[in-house]
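Observations on the model geometry
Chain by chain, the residues:
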Amino acid sequence: YKTSNLDIMAPVFERLARENWVTFFHSGYFPTCQPALFAPLAQAFPSVPIILAHIGYRHWEDAAILARLFPNIYLETAGNSTPATINGSIRMAGADRVLFGTDSPYHEARYCIDKVRLLPDLTDEERDLVMGGNMARLLGMSN
């Protein structure tokens, strides 16, 4: 018998749902945290926001597809995300699904800010969503 992520995480997610909490996961590496592994949790607990850190690293396209398919999955930009992967994720999943992050102190905050701030084809509204508006909404700090 093989235990699934859903079997292991169901009690935690039940609590998260009851408390209206957000959850945050490292994502990206095979075999333990590639983005596709989060699909059963997202499907079973649609009221629990799931933030996938690092936009899934090299699996960023998988992460963006999940965020497009599951309204409770969000992508976070910390780590080695490049401007191209951040922009691609915004285009694939929508600016309302991407959250700014730095991974500080491992990455300089100014560099991380500039990766989003300097994207040439972002609207001001999209930039505002990524740089704090989405997180404020998830945490109930905005309308």
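Above this text is the structure in question.
As a starting point, this report considers the structure included with it. What you see as residue numbers is a count from 1 along each chain, following the sequence as written. A pLDDT threshold of at least 70 governs which residues receive local features in this predicted model, and a stricter bar of 80 or more applies before side-chain atom pairs are shown or counted, although totals over entire chains, interfaces and linings include all residues. The basis for every side-chain value is the complete set of heavy atoms in the structure, and neither hydrogens nor water enter the calculation.

1. Things to note about the nonpolar core
Take the buried Ala, Val, Leu, Ile, Met, Phe, Trp, Tyr and Cys residues and link them wherever side-chain atoms come within 4.5 Å; each set so joined is a nonpolar core. Each residue gets one of three labels from its accessible area relative to the maximum for its type: buried under 20%, exposed over 50%, partly exposed in between, using a 1.4 Å probe on protein chains only. In terms of nonpolar packing, the biggest core is built from 31 residues, with Phe13, Phe25, Ile50, Leu52, Ile73, Leu75 and Ile90 touching the most fellow members. Secondary-structure elements contributing two or more residues to this core are helix H1 (5-19), helix H2 (39-44), strand S2 (50-53), helix H3 (60-69), strand S3 (73-76) and helix H4 (83-93). Per-element tally for this core: the top contributor is H3, with five residues. Only heavy atoms matter for contacts: two residues are in contact if any of them lie within 4.5 Å across the pair. Beyond its immediate chain neighbours, meaning those up to four positions away, Phe13 contacts Thr23, Phe25, Leu41, Phe45, Val48 and Ile50. Put simply, DSSP marks the helices as runs of H or I at least four residues long and the strands as runs of E at least two long, and each gets a number from the N terminus on.

2. Concerning the side chain of Asn87
Among the secondary structure elements, Asn87 is positioned in helix H4. If sequence neighbours within four positions are ignored, Asn87 has contacts with Leu119, Asp121 and Leu122.

3. Digging into the pairing of strand S1 (residues 23-26)
A one-sided burial pattern is seen for S1, the buried positions being Thr23 and Phe25 and the unburied ones Phe24 and His26. A pair of strands counts as paired when DSSP detects no fewer than two bridges linking them. Judged from the four bridges that link them, S1 and S2 form a sheet pairing that is parallel. Looking across to S2, one finds that Thr23 is bridged to Ile50. Viewed with both strands pointing away, a crossover whose connecting path from the first strand over the helix to the second turns clockwise is right-handed. Crossover connection from S1 via H2 to parallel S2: handedness right-handed.

4. Details of H1
A helix is expected to reach a length of 1.5 Å times the quantity of its residues less one. End to end, H1 covers 21 Å across 15 residues, agreeing with the expected 21 Å (1.5 Å per residue, within 8%). Take the seven residues that end at a residue and the seven that start at it, fit an axis to each, and the angle between those axes is the bend at that residue. Approximately 40 degrees is the largest bend angle found in H1, and it occurs at Pro11. Of all the residues in H1, the buried ones are Met9, Ala10, Phe13 and Leu16. Buried positions along H1 lie against S1, H2 and S2.

Taken by themselves, the reported measurements are silent on function.
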